[in-house]
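Observations on the three-dimensional arrangement
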Number of protein chains: 2
Amino acid sequence: MGDLSELFAPSTVAVVGATEREGSVGRAVTANLLEFDGEVVPVNPNKETVFDRECYPDLGSVPDPVDLAVVVVPAAVAVEVVRDAGAAGIENVVVLTAGFGEAGSKGATRERKLRETASEYGLNLVGPNSVGVMSTSVNMNATFGPESAQDGSISFMSQSGAFITAVLDWANDRDIGFRDVVSLGNKAVLNERDFVEAWGESDDTDVIIGYLEDIADGGAFIETAQEVTQETPIVVVKSGRTEAGAQAASSHTGAIAGSERAYEAGLEQAGVIRAETVEELFDAASMLDGQPLPENEAVAVITNAGGPGVLATDAVGDSRLELASFTDDTLGSFEEVLPEEANIYNPVDVLGDAAAERFSDALDMALSDANVGAALVLACPTAILSFEELAEITSTTQDEHDLPVAACLMGGESTHEARDILDDAGIPTYFDPSRAVTGLASLARYREVSTREYEAPASFDVDRERARDIIQQAAERPSNTLGVEAMDLLDAYGIPTPQGAVVDTPTEAERLATDIDGDVVMKIASPDIQHKSDIGGVRVGVPDDEVADAYEDLVARAKNYQPNATVLGVQLQEQIDLDTGIETIVGINRDPQFGPLLLFGLGGIFVEILEDVAVRVAPVSESMATEMVDEIDAAPLLRGARGRESVDETALIETLQRISQLVADFPALLELDINPLVATPEGVVAVDLAATIDPEELDQ
Amino acid sequence: MGDLSELFAPSTVAVVGATEREGSVGRAVTANLLEFDGEVVPVNPNKETVFDRECYPDLGSVPDPVDLAVVVVPAAVAVEVVRDAGAAGIENVVVLTAGFGEAGSKGATRERKLRETASEYGLNLVGPNSVGVMSTSVNMNATFGPESAQDGSISFMSQSGAFITAVLDWANDRDIGFRDVVSLGNKAVLNERDFVEAWGESDDTDVIIGYLEDIADGGAFIETAQEVTQETPIVVVKSGRTEAGAQAASSHTGAIAGSERAYEAGLEQAGVIRAETVEELFDAASMLDGQPLPENEAVAVITNAGGPGVLATDAVGDSRLELASFTDDTLGSFEEVLPEEANIYNPVDVLGDAAAERFSDALDMALSDANVGAALVLACPTAILSFEELAEITSTTQDEHDLPVAACLMGGESTHEARDILDDAGIPTYFDPSRAVTGLASLARYREVSTREYEAPASFDVDRERARDIIQQAAERPSNTLGVEAMDLLDAYGIPTPQGAVVDTPTEAERLATDIDGDVVMKIASPDIQHKSDIGGVRVGVPDDEVADAYEDLVARAKNYQPNATVLGVQLQEQIDLDTGIETIVGINRDPQFGPLLLFGLGGIFVEILEDVAVRVAPVSESMATEMVDEIDAAPLLRGARGRESVDETALIETLQRISQLVADFPALLELDINPLVATPEGVVAVDLAATIDPEELDQ
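Residues numbered from 1 in each chain as written. Chains lettered and ligands numbered in written order. Predicted model: local features only at pLDDT ≥ 70, side-chain atom pairs only at ≥ 80, totals over all residues. Heavy atoms only, no water.

A few words on the sheet that holds strand S14 (residues 273-274) of chain A. Residues and elements named next belong to chain A. Reading across the sheet, the 7 strands line up as S9-S8-S11-S10-S12-S13-S14 and stay open at both edges, with mixed pairing between neighbours. Only two strands of the sheet have a single partner each, and these edge strands are strand S9 (140-143) and S14. Direction of pairing for strand S8 (residues 132-135) relative to strand S11 (residues 180-183): antiparallel, over a ladder of 3 bridges. Across the sheet, Val 133 pairs through a bridge with Val 182, a residue of S11. (Pairing = 2+ DSSP bridges. Helix = DSSP H or I, 4+ residues; strand = E, 2+ residues; numbered from the N terminus.)

This is the structure in C-alpha cells:
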C-alpha cells in the first residue's frame, strides 16, 4: 500500500458529486470541507459553481493536481468515477457511495470491480459505504457527518459510520480531540492494517483507537500491529464478542466474523489493548494520550476517605495492578507530614480534614518511592478541600515526577472546574474509583506490550519431504484424512510416538510384539474403515501370546464388515500406560481470519466439559508455547499437584512448537488433533492423531 | 428494634453540642437543620441562643417532647448525653461523635458503654462516628456534610460517611433524589438490617441502596432482606471484595470482614442485588426507581445504527438477558412500516434516515409482542433525528405499555435536552450501550428476586439424641475431633455410610469381613492416633482370607507407634469401588458473619485446584441444594457426560439437606468434611468424615 500521508493531509480535495441541494450527502460533505486549509474543487457535470467555487464536469478536467478525490455519486457510476481518478493520476480516493458489498450479489460484483480498478491504478481507496475521512492537521472534514473533530493526537478508525458520528458528538462535549478519523466502510481496499501502519509511522498520532467488527487478514494485522505497538498504543473495541453479537455483526456488515477465540488470541498476540465498552475505550485512550507509562505495576492510592479507598483497593485487586508497598523511608516521610491518625499504608488516608497541600505532600512522597509505578488521587468533597487547588497542585506534582497519575474526584458540580484544570494537564479524571483504576491498568498493560520482545518461532530440523509425501498420499484418499501413516507424520516432525508398525502377517505381528516391552495395542489398518472401534477393530492390552490370534480376529472383522475394503494388515503399537502419565490434547484448526489456531489443554473433561484451553494463532515461539502450558487452570496438575511427579514440561512445550511448525509448513493441514499426547516425567508421546487435509492447498 | 419512622420524620430535633463556632461540626449540623420542617432545639450549657433559637443546658431541660437527639459533643461526655436522652424519654439518637470502636481499646470500651446505655433505654441509636441522617420527607438534613439530598424515593445507607457526601454532590448534579439517607457509622446499635426493615415497611421508599463494608449479623440480615425484597429492591455495593480490599476495609473500620465467598452466597440468598461499582449501583437504582419490571428476560433493541446495535447485542450476551425473538405478527408489522432495507430482526435497525416517529412505531410494535419483556432505544445522532422528539415519543410509548424501556443516546451536547425529558419520565438514559443493558438486566434480576418463593428447609426424621451423644463424646476428647464414631453420626442423620463396624478381635474381624461383599478397608481404631495413614494404620483392598493377619498387624503398629494409646481395635468397612462412582465433597465451615457455610464440589482436583465449588449459607432448602449441584462447572460429569451413567442426584441433594440440618441442629459442629461422598447411579455413600467440635457451643 502506498503512503497515506496525503490522504489525511492533502493540498487539494476534489468532491465528485458536489452539490448545494438541501439534504443531500454531496452538499453535506462539500459544506463540511469549506473550513479545509487547502483547496476544495467541486466536480459535477451539471453545475457551474458549488458554494461559489468553480465546478468541473469530471476529474480529468480539473487543471490543478488533486491529492484526494471524495466520491459521492450514485453506485451505478461510482466505479467509473474511480477509474477517472486513477486515470487522472489521483492517488487517494474516498468512496462514500453505498450499494456495494453490503447490498446483495449485485453490490458484491460492483465491489469486485471497484477493487480491480483500485488495484489497476494502485489507489489508496477508503470505503465504499464510508462516512468519510477527517484530519484536524489540515482542518479537513471530508465526511457527511454533522460533527467535526476537535484537535488532538488520537487517531480513530471505525467500521461503523454511525459510531464515528456518535463518538464525535460525545467527545466534543468532553473536549476529547482527534488527529485523523477514518470511516472504514466496506474495506474494499484499505483496511485496519493499513491505517495502523500509517498512524504508527506518523509522529502526530499518539494513540490509535478503533471500532472493528472483523479484521480482514489476521496474520498480516498481527505482524503490523506488533511493530506499531512498540511505539504507539492501539486500543480497540472488537464487537461481535458474543455469539448473538457476532450474528448481529454479520447481518449488519456481511463480514464473516471469525471466532471470538481467534480474535482474543490474535489481538493479544498483536499487542492490541482490547476494550469491551465504549467508555473503556476512551478511559484507556485518554490515559494513554495524557500520561507517561508507569515504571512497574504498583499503584499508590492517596485519599481523604476510607470507604472510597476500599473501593479503589477492590478495583486494584480486580485489575493487573497491585497496591504498592512503601519503603520505610516513605513511611517515615508520611509520618512526618501526616496527622497521627492518618493511615500511612496503602491506601494512604490523609483524613477528612486534609487540604490540597496534604494530598500533594503525600502524592509527592509516594511518587518518589521506587516501589511506586503510578498514583491515584481519590478525593471526596469536604468543607476544607478545594478541588481546584487539588487539581493545580496534583498537576504540578505529576509533572515533577513523570509518573502517571489518575484523579478520581467523587462529586458533581463541585468538581467541574477541577476536572477542566486536570484535563488541560492531561490527567484523566473519573467519578468512579474502579474506572480510574481501569484507566491506570491500561497504562500498565501498554507498558507490557511496548516492552515485549517478539521472539521468532524456532525452526526445528525436521523431515519435511517425508511429511509432504504422507500428506500428499492422504489427500488422494476420498476421506482426505490420515490413516496408519499419521504416526509417521509426527515422527517426521520429531514428535515422539509409541513404538510400532503396520504388520501384515500374524507371524510378523508376534515378532514385533516380542520386541516391544509389555502389552500392545492392535488396530485394523485400512484406509477404508473410519470408525474402527465401532466394529471391534481396536484391541488394547494384548499380551504377546495372544497377538497372533488377535491379528486373525481383527482382519476377519474388517473383511466381514466391509468385504471390499483394502486391508493393509494390523497396526501394532506399544501400549502407553495412561496411569503414570497425564493425557493432554494438542490441536489445530483454521480460522477464516487468523489462519491456524493452536490449542492446548488436558484431555477428557478438561477440554470437553470445563473448556480449560489455551489458544494461540500459530506459529508460536518458545515463550508463547510456555505461556500456553502455564495459562490453563489445570496447569498445577502438570507440576506435581496431589503428590504426582511433575511431567516433562520442556517436551510438552517443544511439541507445541513442532506442531506449530508443521501446520505453518503445510497449509493443506486443515485440522489436526493429537488426542491424547501423554505427558510423563520422562517426556511426551503422541498416542493418537487425527488430521484432515485440504487437497486444494496442496500446491505450495 | 423500635419503629424508626420518627427517626426519619421527627417533629422536634434537639442538637446537643449546637454552636455557631466557625468550622465546627456543631455549627455545620445546626445550620443544615435550619431548613427542617419541624422544630430545632439547640442544647449547649454555654450558650443562650444558637442561630437565634433558644438554647437549653441539657436534654432534660427541653420543655417540649423531643423525637430525635443529634449528639455532637466530645467523646468523653457522649455516653452521658445519650443517657440523658434516654432518661428524658427520647427514643431516637444519632451520635456523630467519633472516638469509639474505631479508636483503639479505650474507644472500644466507650462503645460498649454506649451500647449498654442504648439497650437500657431501648434507644434507636445511629452511630457513633456517623455523619448523620437525612430525610427529604421533612426537609431534614441532620448531618454535618456540605450537601442536602434532593427529593426522591431512593433510601440510602452507607458505612462510609465520605461516600454519602460524595454521592450526594454527584447525585445533585444529575438530579437523582433520595428519601432517607443514613450514615451508619460504627453500627453500635442500629445496623443495615434495621434500616432495610424500616424502609421495607415504608411506602415512600421505592428502592433501598447501600454501601457496606460488612454485615453485622448475616443470618438475621438474610431473613429480613428476603422479606423486604419481595416488595422493595435492595442494591448494595459490598466493598472489600478482594483480599486487598478486605484488608483495607478492616484497617479502616475495625470491622471483621467475613469471607467474600460468604458474602457472595449470603447476599444472593438474601435477594440483594450486588453492584460492583458506584456507577453500577446508580445505574441499577435509577432503573428500579423509574421503570416497571419486565415480563420476561427478552429485550428488543431498536436502533438507527448497525454498529452500536452490535455493541448492545454483545452486552445482552454478557448479561442475564437475551435478545427477544419477535413473533411473525410483529415481523409483519415491522415490514409494513419500516423501509425495505431495514433489519426487522433483533436488533431492529430502523436505518440512519429514521426520524423519531419510525423509532416509536418500531418500539410500539416491539412492546406489543408477548415475547418482549423490555426494550432498549439506541440512537446515534443524524441530520434527520431530533433527540428531543425521540425522548417525548419514547416516553409516551413506554407509558402505554407499562414495560421497561432504557434509552441509549450516543452523543454529547445534542442529547442533553432529550436526557432531561427522559429523566423526568423516569426513563434512565445512558451513553454506553453496555451500561444501558446492565441497567435493564438489573430489572430482570429484581424480577427474579421479587417472585422467589423461599422454601423452608426440609426437616428429616433423624436420631438427634444419638448425634448429640456422639458429639458430646468427641468434645470431651482433647483433640475435639470425631474418631471411629464419625460414621455413626452420619448414620444418625440418615446419610448412607459403608457397611462396617469396629471389631476388637481377629476372629470378629474375619466374621464381619465374611458378611461384607468383596474386599474390605481396615483402619486402626484409636482416639489417640490422628494420622493413621502415616504409620501404615490403614489397609485397603484386604481380601477375606487376609483379614485376621491384617488385624494383628494394624494393632501391633498402633502399639509400636504409641505404646500408651488406647486402641479400641480395628475399624473394618466395606470397600467402596471408586471406579464406578464419582467422588464428591460436602463440607461445612463457619463464617464469623454468616454462620455455617455449606460447600459442595467434586473431589480431588476439582475443589483443590480448579476451585469449582458451590457455597450456600446453611440451612438449605431442597431447591437450594439442587442449585448447588447444578451450579458447579463439572456438573455434566454427574449427569453421564463421557458415556458414564448418571449418578443419583436426588440422593446427593438429600445428603446436602441432611448435612445442613445436622449443622443447624448442632452449633458445636465447627467444621465438617465428607471427603469423599461417593455418588453412584444407585445412591451415595460417605466414605470418610472429618469434623471438629467447639465444646463451648455444646450447651444448647
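What follows concerns the relation of the copies chain B and chain A. Overlaying chain B with chain A gives an RMSD of 0.1 Å, the required rotation being 180° about an axis along which the chain moves by 0.1 Å. Both copies of the chain, as the preceding transformation shows, are related through a two-fold rotation axis. Taken together, the interface assignments show that 100% of the residues at the interface of chain B recur at the interface of chain A, consistent with an identical surface on both copies. (Least-squares fit on C-alpha atoms with pLDDT ≥ 70 in both. Contact = heavy atoms within 4.5 Å.)

What follows covers unusual backbone geometry. Here the residue pair Ala618(A) and Pro619(A) is connected by a cis peptide bond, since its omega of 5° sits within 30 degrees of zero. Following Asn346(B), the chain continues to Pro347(B) via a peptide bond in cis, the omega torsion being -5°. Relative to the assigned elements, Pro347(B) resides in the loop between helix H12 (328-337) and strand S17 (348-349). You will see that Asn139(A), though not glycine, has its phi angle at about 50°, which is positive. As for its placement among the helices and strands, Asn139(A) is situated in the loop between S8 and S9. Unlike most non-glycine residues, Asn129(B) shows phi in positive territory, near 65°.

For the rest of this paragraph, the subject is the packing of helix H12 (residues 328-337) of chain A against helix H13 (residues 356-368) of chain A. In a packed pair of helices, the relevant descriptors are the angle between the two axes and the axis-to-axis distance. All names here are of chain A. Packing of H12 against H13 leaves a shortest axis separation of 10 Å and a crossing angle of 170°. The orientation of H12 with respect to H13, classified from their angle, is roughly antiparallel. In this structure, H12 uses Thr 330, Ser 333, Phe 334 and Val 337 to contact H13, whose residues at the interface are Asp 361, Ala 362, Met 365 and Ala 366. In terms of residue class, the contact of H12 with H13 is built from 5 nonpolar, 2 polar and 1 charged. (Axes fitted to C-alpha atoms, helices over the stretch in contact; angles between N-to-C directions. Parallel < 35°, antiparallel > 145°, perpendicular 65-115°, else oblique. Nonpolar A, V, L, I, M, F, W, Y, C, P; charged D, E, K, R; others polar.)

Turning our eyes to something else, we now look at the packing of aromatic side chains. Under the definition given, this model contains 24 aromatic pairs over all chains. Measuring from ring centre to ring centre gives 4.8 Å for Phe163(A) and Tyr211(A), while their planes differ by 25°; the resulting arrangement is stacked. In this pair, Phe163(A) sits in helix H5 (residues 161-173) while Tyr211(A) sits in strand S12 (residues 207-212), placing the two residues 48 residues apart along the sequence. You can call Phe163(A) buried: its relative accessible area is 0%. Measuring from ring centre to ring centre gives 5.1 Å for Phe326(A) and Phe334(A), while their planes differ by 80°; the resulting arrangement is edge-to-face. The same class applies to Phe326(A) and to Phe334(A), which are both buried. One aromatic cluster is present, formed by Phe156(A), Phe163(A), Trp170(A), Phe178(A), Tyr211(A), Phe282(A) and Phe431(B) through successive ring pairs. (Phe/Tyr/Trp six-rings, centres within 6.5 Å; stacked < 30°, edge-to-face > 60°. Buried < 20%, exposed > 50% of the residue type's maximum accessible area, 1.4 Å probe, protein only.)

UniProt marks residues 487-523 of chain A with the feature "domain: ATP-grasp" (unreviewed entry), using the numbering shown here. Within the segment residues 487-523 of chain A, helix and strand shares are 43% and 22% respectively, and the terminal C-alpha atoms sit 13 Å apart. (UniProt positions renumbered as here; feature names shortened; annotations may be inferred.)

Listed by partner, the interface residues are 64 residues for chain B and 64 residues for chain A. For the pair chain B and chain A, the summed buried area comes to about 4900 Å², and 66% of that belongs to carbon and sulfur atoms. For the pair chain B and chain A, the number of links is 4 salt bridges. Between Arg241(B) and Asp318(A) there is a salt bridge whose closest N-O contact spans 2.7 Å. A total of 10 residues in the side of chain B that touches chain A trace back to one element, the largest contributor, which is helix H11 (residues 306-318) of chain B. Per-class residue counts for the side of chain B that touches chain A are 29 nonpolar, 21 polar and 14 charged. (Buried area = accessible area lost by both parts, 1.4 Å probe. Salt bridge = Lys/Arg side-chain N within 4 Å of Asp/Glu carboxyl O.)

To continue, consider helix H19 (residues 506-515) of chain A. Residue and element names in this part refer to chain A. Three or more residues of H19 are buried, namely Ala 509, Leu 512 and Ala 513. Projected onto a plane normal to the axis of H19, the buried residues spread over an arc of 100° and lie on a single side. In H19, the exposed positions that point more than 90 degrees away from the buried face belong to Arg 511, Thr 514 and Asp 515. In this fold, the buried residues of H19 make contact with strand S21 (500-503), strand S22 (520-525), helix H20 (547-561) and strand S24 (569-574). (Arc of directions from axis to C-beta.)

Moving on, we get to the packing of helix H6 (residues 192-201) of chain A against helix H7 (residues 218-228) of chain A. Residue and element names in this part refer to chain A. Where H6 contacts H7, the axes come no closer than 9 Å and their chain directions differ by 15°. By the angle between their directions, the pair H6 and H7 is classed as roughly parallel. Note that H6 runs across H7; the crossing there is left-handed. On H7, the residues touching Glu 192, Arg 193, Val 196, Glu 197 and Gly 200 of H6 are Ala 220, Phe 221, Thr 224, Ala 225 and Val 228. Across the contact of H6 with H7, the residue classes tally to 5 nonpolar, 2 polar and 3 charged. (Left-handed = near helix turned anticlockwise from the far one by under 90°.)

This part takes up the side chain of Asp214(B). All names here are of chain B. Within the fold, Asp 214 resides in the loop between strand S12 (207-212) and helix H7 (218-228). Separated by 2.8 Å, the side chains of Asp 214 and Gln 159 make a polar contact. Side-chain polar atoms of Asp 214 contact the side chain of Lys 187, separated by 2.7 Å. (Polar contact = N/O pair within 3.5 Å; in protein donor to acceptor, adjacent residues only side chain to side chain.)

As a further point, take the side chain of Arg477(B). All names here are of chain B. Checked against the element boundaries, Arg 477 lands in the loop between helix H17 (464-476) and helix H18 (486-492). Exposure remark for Arg 477: the relative accessible area of 17% places this residue in the buried category. From its side chain, Arg 477 meets the backbone oxygen of Thr 481 in a polar contact 2.9 Å long. Ignoring any residue separated from it by four or fewer positions in sequence, one finds Arg 477 in contact with Leu 482, Gly 483, Glu 485 and Pro 527.

In this section: the pattern of salt bridges. Inspection of the entire model under this criterion finds 68 salt bridges over all chains. Between Glu116(A) and Arg112(A) there is a salt bridge, with its nearest N and O atoms 3.1 Å apart. You can see Glu116(A) and its partner Arg112(A) sitting in helix H4 (residues 104-121), 4 residues apart, about one turn around the helix. Note on Arg112(A): relative accessible area 42%, which makes it partly exposed. Note that Glu485(A) and Arg477(A) form a salt bridge whose closest N and O atoms lie 2.8 Å from each other. Each of Glu279(A), Asp283(A), Arg435(A), Glu279(B), Asp283(B) and Arg435(B) takes part in one network of salt bridges that share partners.

Bringing the confidence of the model for chain A into the picture now. All names here are of chain A. Residues at a pLDDT of 70 or more form 98% of chain A, whose mean pLDDT is 92. Scored below 50 in pLDDT, residues 253-257 shows 8 contacts in the model against residues more than four places distant or in partner chains. Overall fold confidence (pTM) sits at 0.93, and the ipTM for the predicted complex is 0.90. (pLDDT = per-residue confidence, 0-100.)

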